[in-house]
Amino acid sequence: MRTTALLTLVASASLGFAGESPKAALIPAAVIPQTSSGCAECLKHSGLFLGAGVDYFFDAEEEYYNGRAGYEWAGESGNYTQSLFLEVGWMDSDSDFGSLEAVPVTLNYEYKRALFKCLNFYVGAGAGVAFVDSEFQEYKDGKPTGVFNSDDDSVFVIQAFAGLTYCITESVELYGGVRYLWSDDIGQGDGFDDWSIGGGLRVKF
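Below, the structure is looked at part by part. (Residues numbered from 1 in each chain as written. Predicted model: local features only at pLDDT ≥ 70, side-chain atom pairs only at ≥ 80, totals over all residues. Heavy atoms only, no water.)

### A closer look at the pairing of strand 2 (residues 62-74)
Of the strand pairs in this sheet, strand 1 (residues 47-57) and strand 2 are connected by eleven bridges, and their pairing is antiparallel. Each residue of the ladder has a partner; that of Leu 48, found in strand 2, is Tyr 71. In terms of strand pairing, strand 2 meets strand 3 (residues 80-95) through ten bridges, oriented antiparallel. Its bridge partner being in strand 3, Gly 70 is matched across the sheet by Phe 85. The antiparallel pairing of strand 2 with strand 3 creates a hairpin that spans five residues between the two strands, and Gly 78 there sits at a positive phi of about 80°. (Pairing = 2+ DSSP bridges. Helix = DSSP H or I, 4+ residues; strand = E, 2+ residues; numbered from the N terminus.)

### Description of the nonpolar core
The biggest cluster of nonpolar side chains holds twelve residues, and these are Phe 57, Tyr 64, Met 91, Leu 100, Ala 102, Ala 130, Val 132, Val 155, Val 157, Leu 181, Ile 186 and Phe 192. Of all the elements in the fold, those that place two or more residues in this core are strand 4 (98-116), strand 5 (119-140) and strand 6 (143-167). Setting aside residues no more than four positions away along its own chain, Val 132 makes contact with Leu 100, Glu 101, Ala 102, Asp 151, Asp 152, Asp 153, Val 155 and Ile 186. (Core = buried A, V, L, I, M, F, W, Y, C linked by side-chain atoms within 4.5 Å. Buried < 20%, exposed > 50% of the residue type's maximum accessible area, 1.4 Å probe, protein only. Contact = heavy atoms within 4.5 Å.)

### Brief notes about the pattern of salt bridges
One pass over the structure, following the stated rule, counts ten salt bridges. Note that Glu 72 and Lys 112 form a salt bridge whose closest N and O atoms lie 3.0 Å from each other. With Glu 72 in strand 2 and Lys 112 in strand 4, the pair connects residues that are 40 residues apart, well separated along the chain. With relative accessibility at 2%, the residue Glu 72 sits in the buried group. Judged by its relative accessible area of 1%, Lys 112 falls in the buried class. (Salt bridge = Lys/Arg side-chain N within 4 Å of Asp/Glu carboxyl O.)

### Examining the state of the cysteines
In total, this model carries two disulfides according to the counting rule given. Each sulfur of the disulfide joining Cys 39 and Cys 118 lies 1.7 Å from the other. One end of the pair, Cys 39, is in the loop between helix 2 (22-26) and strand 1; the other, Cys 118, is in the loop between strand 4 and strand 5, with 79 residues separating them in the sequence. As far as the burial class goes, Cys 39 and Cys 118 line up, both buried. Paired through a disulfide, Cys 42 and Cys 167 show a sulfur-sulfur distance of 2.0 Å. Across the disulfide from Cys 42 to Cys 167, rotation about the S-S bond amounts to roughly 65°, and the bridge is consequently right-handed. Highlighted residues: Cys 42 in the loop between helix 2 and strand 1 and Cys 167 in strand 6, separated in sequence by 125 residues. Classification of Cys 167 as buried rests on a relative accessible area of 1%. Sequence-ordered numbering of the bonded cysteines in the protein gives a disulfide pattern of 1-3, 2-4. (Disulfide = S-S within 2.5 Å.)

Function cannot be read off these values alone, since they describe shape.
Take a look at the structure:
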């Protein structure tokens, strides 16, 4: 009698779970993890962000370290964003003619749009001021005199940039692209006018 009741219970359970996998039948749906691509959500929410990166300028042959902080607004369609951010950069150049240290501070606008899955493209521009500390050797009749003149200056600077981003998660992305940086004349010399390639990491909160 007990064996018959056990068989009846097993048969009833089998009929109740018909069409479901054994795993789905035995484990509640709330317990089974639901996987989703976090990178697909990275353009769908607004928030503050911090970032840092490094560029390499071709003519100057120098690295350009930079950090940024700003706010990103997600578009209604969820496939583009717009952002405003403050960027601070630093470059140090030394040569036989002298040395130059520049700290550009710019306010920038960036437009970013989805390309494919986790890959996006961006384009933007900014303007601000560069604080420059320079020291150059004096020349007489085309020959160095051994005398160095130092000068502190602040000059107007503009930049434009474009590239690609890859969303690692909903909040973390890698970026890489090109930058054009131009400045007004520095002291008695020419201004900065150069292209760079670089990349970095950005985290949104």
